[in-house]
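Residue strings, one per chain:
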Amino acid sequence: MRRSILPLPAVWLLVVAGCLLWPTTARAQTVPGWTTRQFTLERLDADRVRMTREVEVEGDPSSPNAGQKFFADEMEWNTRTGELTASGNVVFSSADSRIAADRVVFNTRTRTGTFYSASGMASLGAAGQRSQAMFGSLDPDVYFYGETIEKLDVDKYRIRRGGFTTCVQPTPRWEMVSSSATIDLDDYAALRQVVLRVKDVPLFYLPALYVPLQKDGRATGILMPTYGRSTYRGLSISNGFFWALNRSQDLTVMHDWFTSRGHGVGAEYRYISGPAAQGNFRAYWLNERTRTLQTITGPVEEPGRRSYMLISNLVQPLPGGLRATARVDYFSDVSAQQLYNNNLYQMAFSNRSIGGGLSGSWGPLSASGAFQRTESFYSSTSSFVSGQAPNVQLSYTGQRLGRLPLYLSAVTDAGRVLYQQKSGTSVSDLSMGRIDIRPSIRFPLSSLPYLSANATATYRVTYFSQSLDTTTGVQIPDPVTRKYFDLRTDLIGPIFMRVYSPRNALADRLKHVVEPSVSLQRITFIPEQRRIPTAASSEFIIGGVTRVTYGLANRVLIRKAAAPAAGVDPAAVSSTSSAPRELLSVGVTQSYYTDKAASVYDNAYGFSTFYRKASPFSTIAFNARSALSTTSSITARAEYDPRAESAKLVGVGLNGTIQSSIADITAGWSRQVFGGVALAGTLTSSHYLQQATTVRLLGGQLRGTASFNYDISRSTLLNQRYIASYSAQCCSVGFEYQSFNFPGIDPRFLIPQDRRFNFTFTLAGLGTFSNFFGTFGGQSF
């Protein structure tokens, strides 16, 4: 058989072609610490080498260059100084960054250099992971480009005539273009001559911009603005600047501009100096100009005014087991508080308060000193002041007297009680001093597990610096002392219970408990009853009265074993491994009084207190609560008056909550009859409905909140509020709409209605804020 043999010249041609086409590998002694692959390698002198044609350079894993890679068409390298020059399809990559350029001059020892006509990307690391919802399923990266990109340090770059974004779309949703930008991935991005482009459309220009990028999410910089519109305030824009003083302190400065009213400036300082030591201080100054306001009664020329708000909260532990607290919630103008606040409760019930205290406990002994002044406004010219200025309290609790089955407790407090009624320029001051001493002894009557019985005897002595005139009922500066015994016996049981084992989808074990209860209380005769002042003391105690309270409670408790882990036999999982849960509780109570006057002041029956005619029997109170699951609950309370002439159901309230991974829902309904007494003009009852729902979709990227408060008695939708936010791959946007309809019969509201709309947006890694009046429900995106 003949075999084909190539001619000798052809063999030599194949060998030469293989040498030219197959890449060579430079040894470590050629470029120390690097592994190179290229088609040609040329040594220019003792220190310089030139590599051409698909050059690949990678740092050796055991060298400081590990993780760095270079790709280029041509590269010249000084092995002594570490300087290299590369051109043609240049790519530099490291563990968390990648830059592509036409040409680069780089020093491999200092890891710095300049890339020309370049673009790149770098990971935001932990700073991006905290805002992962903005990036979807993509990695949190920042993308940048420029005529030149200088790598100044490991994570620091300078861009000239370029921009950056965190979007990966062909046309980014947003990008910031600047003449010069310095980006430190662990700290900040400082830009000059900045233009923000949204979908390649210029949105606004700034001569300079400082963008925070710190890993801990608390970096100094300008916050994204919030835009809004209101019937009363007109167009508005809110800006903020955040200053991270250090890891435990920060300062936020805010400015609000309102086209119809003026502007406001505020600041918030926060600190944490220890596990239980922290403080928050907020101040706001509002400057309003003159304008014509359409009020409930018609157009009114509202003059310009200046007002301020102070809000602070301080908690500070001290040596010796002491703890200091302080709280300030103060405003200088109640009208501004009502017209600017976004919280319906704070608008309708405007209170300002100043308080502080010092407390400590040492075993059974505790002591506290406090100052509290609260002023509640009925209108812009009338208010009510209450509080303690100051008050000192000492208490001694629960100590057994030797071997006797008796337990001693004592409480003593002394101070000045504030009580002032203000109307225009007139002030009615009924404040007075008070000293109260209450020693008591408790005697357990039963040690049986199914029966709880305790007897308590309390002797109370109260000194008032002022008293009532028995003839006129006017408070006069004549002291009086009140003395009486409070004797009480509480009995719960006998308790009946039965345990079932249904082992169904609801429960493995179920316990039904029936608890009857009886309470007998006797308050002895008070000789100075008619002289005791009740306004400032807020105490309505009737002497010579015996009260009997009786009730019955039914409780159903269940225990359901947790779902077994993967690979675990369900039979091996015990139902006792989960905590019992109260599925249903239903109770009914009523009280009997030997003196029917005491029924009007019994705070245990909240719907009927002060509004019901005196009767030997209280209303019948029904209470129920249910938790069908660990994430849902419902509570109900009703009071029924069988002796009422008309409306026997004097009050009812129903509240429920549902929580899940995608939604939180709360709702409430209440109705109260004032016992024939007309309040706020002609109303004889209050009837309200409220709800709030928050929905989270697409893994938290889409969020929405809807809430309203409806006054059924007046057929008025008091407030409705809608908040929606969407976080895309690199940005988010938030909207808020809120409307108020104020009842015309209430003089506290100066305008009949107000419509408010707010809008904000954020860029990935940058935060927004809520202004002092609670836009977006006080939340930030």
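Residues numbered from 1 in each chain as written. Predicted model: local features only at pLDDT ≥ 70, side-chain atom pairs only at ≥ 80, totals over all residues. Heavy atoms only, no water.

## Here we look at the environment of Y640
On the secondary structure map, Y640 appears in strand β38 (residues 632–640). The exposure class of Y640 is partly exposed, given its relative accessible area of 31%. Along the primary structure Y640 and V652 are separated by 12 residues, whereas in three dimensions their C-alpha atoms are 8.8 Å apart. Residues within four places of Y640 in sequence aside, it is in contact with T619, I620, F622, K648 and L649. (Helix = DSSP H or I, 4+ residues; strand = E, 2+ residues; numbered from the N terminus. Buried < 20%, exposed > 50% of the residue type's maximum accessible area, 1.4 Å probe, protein only. Contact = heavy atoms within 4.5 Å.)

## A word on the packing of aromatic side chains
As enumerated under the stated definition, the model contains 20 aromatic pairs in all. Taken together, a centroid distance of 5.3 Å and an interplanar angle of 65° make the contact between W34 and W77 edge-to-face. With W34 in strand β2 (residues 34–38) and W77 in strand β5 (residues 69–78), this pair connects stretches of sequence that are 43 residues apart. Between Y459 and F485, the aromatic rings sit 4.6 Å apart at their centres with planes inclined by 45°, giving tilted as the arrangement. In this pair, Y459 sits in strand β29 (residues 452–464) while F485 sits in strand β32 (residues 480–492), placing the two residues 26 residues apart along the sequence. According to the relative accessible area criterion, Y459 is partly exposed, its value standing at 30%. Judged by its relative accessible area of 40%, F485 falls in the partly exposed class. Site record: aromatic cluster; members linked through ring pairs are W34, F70, W77, F92, F106 and F115. (Phe/Tyr/Trp six-rings, centres within 6.5 Å; stacked < 30°, edge-to-face > 60°.)

## Thoughts on the pattern of salt bridges
Inspection of every chain in the model, using the stated rule, returns 30 salt bridges. With a closest N to O distance of 2.5 Å, D436 and R438 form a salt bridge. Residue classification places R438 among the partly exposed positions, given a relative accessible area of 24%. One network of salt bridges, in which partners are shared, links E42, D45, R48, R50 and E76. (Salt bridge = Lys/Arg side-chain N within 4 Å of Asp/Glu carboxyl O.)

## Considering the pairing of strand β14 (residues 221–230)
Extensive coverage of β14 is indicated by the burial of 7 of its 10 residues. Across 8 bridges, β14 lies against strand β15 (residues 234–246) in antiparallel orientation. Bridging from a neighbouring strand, G228 pairs with S236 of β15. (Pairing = 2+ DSSP bridges.)

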